[in-house]
Amino acid sequence: MQFWGYRRQDGRVGVRNHVLILPTITCATQTAQRVTELVSGTVTFIHQHGCAQVGSDFDQTARTYAGMGMNPNVYGVIVLGLGCETHQAHRIGDEIAKCGKPVETVSIQEHGGTLQTIAEVAKIAVKMVQDASMVQRELCDFSELIVGTECGGSDACSGLSANPAVGRTSDLIVQQGGTAILAETTELIGAEHLIANRAANDQVAQKAYAVIKMMEDRSIQMGVDIRTGNPSPGNIEGGLSSLEEKSLGAATKSGTTRLEEVIDYAQVPTKKGLVWMDTPGHDIEQLTGMVAGGAQIVLFTSGRGTPTGSPITPVIKISTNTPMFDRMNENMDLNAGTIVDGLETVDEVGRRIMEEIQHVSNGKLTKAEILKQHDFGIWRIGPTF
Amino acid sequence: MGEYKTLYLSTKDSVAVALSEIPANTSVVVKAELEELVVPILEPIRFGHKFAVKAIEQGADIIKYGEVIGAASAFIPAGAHVHVHNLEGKRGRGDKIAE
């Protein structure tokens, strides 16, 4: 299968052509947002990070920022810093510039305050958006795609309809030579043996068990029952009773292919095929991890319904049951509830999702994009000092 | 009997899922592979919720998808609602270790 994408200097292919205003520090997010209100074609994200972070937590945040900028759905980046923060804007800018795309760096303190910075960033953005608009789409192969998979707001139907259908799509993507990311380590606890059995080698299987153990150990260190947060109150209302039950449903998203590697949060996959990214179950944090890891498209199943989206990657929302698809139609793109209704098979819905990936890659807007649902959240792994 | 949609995934399973609202004091037929069980429903089961297809002893594993989804925290008779009031997850239980 093929689609019309934007070829970037590093050879990767985007399905969107955004100019990203990237605030490296929470103090710069409001300024960045004002520029996006002035200049069409620009996007940004709001967050509360970038200062007083240390160690692996510092590295993970830096990797996430750079990954957002390097995602091939982004034409060019204006990195916006305050000036005195730990995550220095020029360092993030230098990292992004390695992939060859246009990068500019601006600091609020150097420009004498908010208003002058807005004017400066807007001027740069106008030029960058116009340059971006000259890039033509070209015919690209499905093997160029990294597709993230996610389930959020699960119900008892998730493991029966939308998740197995996404599993079928995942198989089809791998068959086409592309990459499918399985994430949500928390929501694989209790189902890890089923995935680890499909690992390409012992090393990959061991890493799968190791990331599960690390996640489970966190609950032990804190002396808490993960069930107080996951399954969530909505999951429980929908009929899910334990983490294991949720996990067995979530794991069906991975399809049936071989597990090629287990990668860190926000890391770009080094292999094609099925890849497991170590992320928490928190929807926005794991969505951000996959997008920073280069996912050009994300498939997101939900039983309870959710508006979630990303500023730079289209998120295709798939409902697990028909009543919710009808009730929250403005947020949901596809309905897999037809499987529970006995109208379609898992295989048929999997193929329908594959066709939607092609449409969205060619430029069809998802509901989350139309509603400007620009969610962003980083998985923090250490305290702020 | 049999007018209510249910999903019984494997003959190893001790629970089935209601795919429609099932009122109390009715009987449903659940089918997996060649096995067919008649289950007397003891209490209302909501869409998406589970009921026991056979009696489950206190402390015994509860099986769905042919895999363990937790253990029974009380005796569960066939046809009873199985949920957080009588099913305890076994994984991610830092609270149990801390005790």
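Cut-offs used in this document
Residues numbered from 1 in each chain as written. Chains lettered and ligands numbered in written order. Predicted model: local features only at pLDDT ≥ 70, side-chain atom pairs only at ≥ 80, totals over all residues. Heavy atoms only, no water. Helix = DSSP H or I, 4+ residues; strand = E, 2+ residues; numbered from the N terminus. Rg over C-alpha atoms; globule rule 2.2 N^0.38 Å. Buried < 20%, exposed > 50% of the residue type's maximum accessible area, 1.4 Å probe, protein only. Contact = heavy atoms within 4.5 Å. Areas by Shrake-Rupley, 256 points an atom, 1.4 Å probe, with all protein chains shown as cover. Lys, Arg positive; Asp, Glu negative; His and termini not counted. Charge placed at Lys NZ, Arg CZ, Asp CG, Glu CD. Core = buried A, V, L, I, M, F, W, Y, C linked by side-chain atoms within 4.5 Å. Phe/Tyr/Trp six-rings, centres within 6.5 Å; stacked < 30°, edge-to-face > 60°. Polar contact = N/O pair within 3.5 Å; in protein donor to acceptor, adjacent residues only side chain to side chain. Pairing = 2+ DSSP bridges. Buried area = accessible area lost by both parts, 1.4 Å probe. Salt bridge = Lys/Arg side-chain N within 4 Å of Asp/Glu carboxyl O. Nonpolar A, V, L, I, M, F, W, Y, C, P; charged D, E, K, R; others polar.

## Concerning the overall build of chain B
Point 1. Helix and strand counts for chain B stand at one helix and nine strands.
Point 2. Written out in order from the N terminus, the α and β elements of chain B read β-β-β-β-β-β-β-β-β-α.
Point 3. Whereas a compact globule of 99 residues would reach a radius of gyration of roughly 13 Å, chain B reaches 14 Å, a difference of no more than 12%.
Point 4. If one aligns the C-alpha atoms of chain B with their principal axes, the spans along those axes are about 45 × 25 × 20 Å.
Point 5. Here chain B holds 99 residues, and the buried ones make up 44% of them.
Point 6. Pairs at least 24 apart in sequence give 46% of the contacts found in chain B among residues at least 6 apart.
Point 7. With the model as given, the accessible surface of chain B reaches about 4,700 Å², and the carbon-plus-sulfur share is 54%.
Point 8. Across chain B, the mean location of the 11 positive side-chain charges is 4 Å away from that of the 13 negative side-chain charges.

## Quick notes on the nonpolar core
Point 1. In terms of nonpolar packing, the biggest core is built from 68 residues, with Leu-20, Met-68, Ile-96 and Trp-276 of chain A together with Ile-62 and Ile-76 of chain B touching the most fellow members.
Point 2. Looking at this core, the element that brings in the most residues is helix α7 (residues 202–222) of chain A, giving six residues.
Point 3. Contacts of Leu-20 of chain A, omitting those with residues within four sequence positions, involve Val-43, Thr-44, Phe-45, Met-68, Gly-69, Val-74, Gly-76, Val-77, Ile-78 and Ile-312 of chain A.
Point 4. One finds Val-13, Phe-142, Leu-299 and Ile-318 of chain A within the second-largest nonpolar core, a separate group that totals 24 residues.

## A closer look at the packing of aromatic side chains
Aromatic rings in a pair are described by how distant their centres are and how their planes are angled relative to each other.
All names here are of chain A.
Point 1. Applying the stated criterion across every chain yields a total of three aromatic pairs over all chains.
Point 2. Ring geometry for Phe-3 and Phe-142: centres 6.1 Å apart, planes at 80°, overall edge-to-face. Separated by 139 residues along the polypeptide, Phe-3 in strand β1 (residues 2–7) and Phe-142 in the loop between β7 (138–141) and β8 (146–151) bring together distant segments of the chain. One exposure class covers both Phe-3 and Phe-142, and it is buried.
Point 3. The interplanar angle of 15° and the centroid separation of 3.8 Å between the aromatic rings of Phe-45 and Phe-376 together place this pair among those described as stacked. A residue pair is termed long-range when its members are at least 10 positions apart, and Phe-45 in the loop between β4 (42–43) and α2 (55–70) and Phe-376 in the segment after α13 (367–370) qualify at 331 residues. We note that Phe-45, like Phe-376, is buried.

## Considerations on the side chain of Gln-53 of chain A
Residues and elements named next belong to chain A.
Point 1. You can see Gln-53 is positioned in the loop between β4 and α2.
Point 2. By relative accessible area, Gln-53 is classed as buried at 3%.
Point 3. Engagement of the side chain of Gln-53 in a polar contact is seen with the backbone nitrogen of Gly-50, the distance being 3.0 Å.
Point 4. If we ignore the near neighbours within four places in the chain, the residues touching Gln-53 are Phe-58, Thr-61, Thr-86, His-87 and Arg-380.

## Concerning the sheet that holds strand β8 (residues 81–82) of chain B
Hydrogen bonds between backbone groups are what pair the strands of a sheet, and the pairing can be parallel or antiparallel.
Residue and element names in this part refer to chain B.
Point 1. Reading across the sheet, the four strands line up as β1-β2-β5-β8 and stay open at both edges, with antiparallel pairing between neighbours. The strands lining the two open edges of the sheet, one partner per strand, are β1 (6–7) and β8.
Point 2. Note that strand β2 (residues 15–18) and strand β5 (residues 50–52) share three bridges and pair antiparallel. Paired with Val-17 across the strands is Lys-50, a residue of β5.

## Digging into the interface of chain B and chain A
Point 1. With 30 residues of chain B at the interface, the matching set in chain A holds 33 residues.
Point 2. When chain B packs against chain A, close to 2,400 Å² is buried across both sides, 54% of that on carbon and sulfur atoms.
Point 3. On the chain B side of the interface with chain A, the three residues burying the most area are Tyr-65, Arg-91 and Gly-92 of chain B, jointly 27% of the side's total.
Point 4. For the pair chain B and chain A, the number of links is five salt bridges.
Point 5. Between Lys-64 of chain B and Glu-245 of chain A there is a salt bridge whose closest N-O contact spans 2.8 Å.
Point 6. Counting the contacts that link chain B with chain A gives 16 residue pairs in polar contact (both at pLDDT 80 or more).
Point 7. Those elements that place two or more of their residues in the side of chain B that touches chain A are β7 (67–72), β9 (87–88) and α1 (94–98) of chain B.
Point 8. Class assignment for the residues of the side of chain B that touches chain A results in 13 nonpolar, seven polar and 10 charged.

## Quick notes on the environment of Arg-91 of chain B
Point 1. Tracing the chain through its elements places Arg-91 of chain B in the loop between β9 and α1.
Point 2. With relative accessibility at 22%, the residue Arg-91 of chain B sits in the partly exposed group.
Point 3. Placed 30 residues apart in sequence, Arg-91 of chain B and Asp-61 of chain B show a C-alpha to C-alpha distance of 13 Å.
Point 4. A distance of 2.7 Å separates a polar atom in the side chain of Arg-91 of chain B from a polar atom in the side chain of Glu-192 of chain A.

## What to know about the pattern of salt bridges
Point 1. By the definition in use, this model includes 22 salt bridges over all chains.
Point 2. Close ionic contact of Asp-347 of chain A with Arg-168 of chain A constitutes a salt bridge, the shortest N to O distance being 2.4 Å. Of this pair, Asp-347 of chain A sits in helix α12 (residues 346–361) while Arg-168 of chain A is found in helix α5 (residues 162–175), placing the two residues 179 residues apart along the sequence.
Point 3. A salt bridge links Glu-192 of chain A to Arg-91 of chain B; the nearest nitrogen and oxygen atoms lie 2.7 Å apart. Note that Glu-192 of chain A is positioned in helix α6 (residues 192–196) and Arg-91 of chain B in the loop between β9 and α1, a pairing that runs across two chains.
Point 4. Judged by its relative accessible area of 8%, Glu-192 of chain A is buried.
Point 5. Through salt bridges with shared partners, a single network forms among Arg-7, Glu-138 and Glu-144 of chain A.

Just distances and angles here, no functional claims.
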